[in-house]
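Descriptive analysis of the structure
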Amino acid sequence: MVRELFRRGLDDHRRALASWCAGIGAYALMLAAIFPSVEGSADFSKLVQSYPEALKSLFGLTGSVNIGTGRGFVDTELFSFMLPLFAIVLAIGSGARTLAGEEDAGRLELVLAYPVRRGAAVLGKGAAVAVEVAVFCAASYAALALSSVAFGLDLPPGRLAGGLLGVGLLALFHGWLALAVGAAWPSRALAIGVPAAVAAGTYLVGGLHDLASWLDPLRFVSGFWWVGQAPLSNDPRWSGLPVVALAAVAALGAAAYLIERRDLETP
């Protein structure tokens, strides 16, 4: 029965997932097509380095990132903000629809009428969210690998895979956090708003802690800090990935625990 709930979770979101994958593929190819016009441009690099320090820190535009190279260009245009944003929005939306959304629509009691423990059902649905994130990251890898060959980006396959692994773990944490919020409160708005607020706050902490001393002690609660910035220029922060993975597992465990102890609202 858990397998059936897992399959149903994937089936319910397959069209949206296909759209997300097509969208990130088109976006990556469009950006890559721009790269030959800025490759090696000293003026463009000077313009970027003239940005305020806060902006450069937030987007990972450190001295090791040369936006005139394929690695630096993709780090700046994708990995610094847009790619994590897309993945996190996908995961939060999927996680919020899975429990809070079904409860808002009056379908959750029917879903949990299967002869299976509530916690196990949530784990099955959480696995479906994980597969969606994995498929999105695989599509991103394929699009960027193709772009690297087509437009001479010279993206190292290992670093690209590591960077996307970090993005996937960040998305998974926020998606499973949406599940946990939905398990605790019957509100899709909260299931979206709470993890979105966490993502925004921790992104700012991860990007600005070097410039604001009072933020520095908070960097350890930021998944973005643990994953690191500019994975193609600096190597992924491999030691931080297990921390984000453990936080994601804790969020999923909390979802399974909370759903067992709450009375479900009837439509």
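Procedures and definitions
The written sequence of each chain sets the order in which its residues are numbered from 1. Selection of residues for local features in this predicted model requires a pLDDT of at least 70, selection of side-chain atom pairs for listing and counting requires 80 or more, and totals for whole chains, interfaces and linings are taken over all residues. Side-chain figures throughout are based on the complete set of non-hydrogen atoms in the structure, without hydrogens or water. The rule for a salt bridge is simple: a side-chain nitrogen of Lys or Arg has to be within 4 Å of a carboxyl oxygen of Asp or Glu. Secondary structure counts use DSSP, requiring at least four H or I residues in a row for a helix and at least two E residues in a row for a strand, with both numbered from the N terminus. Only protein chains enter the accessibility calculation, which uses a 1.4 Å probe. A residue is then buried if its area is under 20% of the maximum for its type, exposed if over 50%, and partly exposed in between. By convention a nonpolar core is built from buried Ala, Val, Leu, Ile, Met, Phe, Trp, Tyr and Cys residues, the set being connected through side-chain atoms within 4.5 Å. The criterion used for residue contact is that any of the two residues' heavy atoms lie within 4.5 Å. Two distance rules govern patches: like charges are joined within 9 Å, and nonpolar side chains (Val, Leu, Ile, Met, Phe, Trp, Tyr) within 5 Å, applied only to residues with over 30% relative accessible area and no salt bridge. Note that accessible areas follow from Shrake-Rupley with a 1.4 Å probe, and for residues the cover is restricted to the protein chains shown. Pairing of N or O atoms within 3.5 Å defines a polar contact, subject to two protein rules: one partner must be a possible hydrogen donor and the other a possible acceptor, and residues neighboring in sequence count only if both atoms are side-chain atoms. By definition here, a helix of n residues has an expected span of 1.5 Å times n minus one. Working definition: the arc comes from the directions between the helix axis and the C-beta atoms, pointing outward to the latter. Pairs of cysteine sulfur atoms within 2.5 Å are what we label disulfides. A score between 0 and 100, pLDDT records how confident the predictor is in each residue. Any pair of Phe, Tyr and Trp rings, taking the six-membered ring for Trp, is counted once the centres come within 6.5 Å. Such a pair is stacked with planes under 30 degrees apart, edge-to-face with planes over 60 apart, and tilted for the rest.

**Structural notes on the pattern of salt bridges**
All told, the structure shown has four salt bridges when counted by the stated rule. Between Arg117 and Glu260 there is a salt bridge, with its nearest N and O atoms 3.3 Å apart. Here Arg117 is found in the loop between helix H6 (108-111) and helix H7 (118-151), whereas its partner Glu260 is found in helix H12 (residues 241-260), with 143 residues between them in sequence. Judged by its relative accessible area of 60%, Arg117 is exposed. Among the ionic pairs, Asp235 bridges to Arg159, the shortest N-O distance being 2.5 Å. You can see Asp235 sitting in the loop between helix H11 (231-234) and H12 and its partner Arg159 sitting in helix H8 (residues 157-184), a full 76 residues away along the chain.

**Digging into the nonpolar core**
Ranked by size, the top nonpolar core spans 45 residues in total, and within it Val74, Leu78, Phe79, Leu83, Phe136 and Leu144 carry the most contacts. Where this core is concerned, the elements lending two or more residues are helix H1 (2-38), helix H4 (70-79), helix H5 (82-104), H7, H8, helix H9 (188-208), helix H10 (223-227) and H12. Once residues lying within four places of it in the same chain are set aside, the contact partners of Phe136 are Trp20, Cys21, Ile24, Leu83, Phe86, Ala87 and Leu90. Listed in part, the 13 residues of the second largest apolar core include Leu99, Val122, Val129 and Ala183.

**Focus on a nonpolar patch on the surface**
A cluster of nonpolar side chains, Phe81, Leu85 and Val89, forms an exposed patch at the surface whose accessible area comes to about 210 Å². The class of Leu85 is partly exposed, set by a relative accessible area of 34%.

**Points about the side chain of Ser147**
The residue Ser147 is located in helix H7 in this model. Judged by its relative accessible area of 0%, Ser147 falls in the buried class. Within the structure, Ser147 has its side chain in polar contact with the backbone oxygen of Ala143 (distance 2.7 Å). Residues within four places of Ser147 in sequence aside, it is in contact with Ala28, Leu29, Ala32, Gly152 and Leu153.

**A few points about H12**
Here H12 spans 29 Å end to end across 20 residues, near enough to the 28 Å set by a 1.5 Å rise per residue. Turning to H12, its buried residues number three or more, namely Leu241, Val244, Ala248, Ala251, Leu252, Ala255, Ala256 and Ile259. Seen from one end, H12 has its buried residues packed into an arc of 135°, which puts them on one side. In H12, those exposed residues whose orientation departs by more than 90 degrees from the buried face are Leu246 and Val249. If you follow the buried residues of H12, they end up packed against H7, H8 and H10.

**Topic: the state of the cysteines**
Two cysteines whose sulfur atoms are joined by a covalent bond form what is called a disulfide. All told, the structure shown has zero disulfides when counted by the stated rule. Cys21 takes part in no disulfide bond, and the closest cysteine sulfur to it belongs to Cys137, at a distance of 9.3 Å. A relative accessible area of 10% means that Cys137 is categorised as buried.

**Regarding unusual backbone geometry**
Generally, phi is negative for residues other than glycine and the peptide bonds are trans, each holding for most cases. Even without being a glycine, Ala230 presents a positive backbone phi close to 50°. Among the structural elements, Ala230 can be located in the loop between H10 and H11. A positive phi angle is found at Asp235, which is not glycine, with a value near 75°.

**Topic: the confidence of the model for the chain**
Within the chain, residue pLDDT values average 87, and 88% of them lie at 70 or more. Ranking the elements of the chain by mean pLDDT puts H6 last, at 60, and H8 first, at 96.

**Some words on the packing of aromatic side chains**
Summed over the entire model, instances satisfying the criterion amount to nine aromatic pairs. Taken together, a centroid distance of 6.3 Å and an interplanar angle of 80° make the contact between Trp20 and Phe136 edge-to-face. Placement of Trp20 in helix H1 and of Phe136 in helix H7 is noted, with a sequence separation of 116 residues between them. Trp20 gets classed as partly exposed once you look at its relative accessible area, which sits at 27%.

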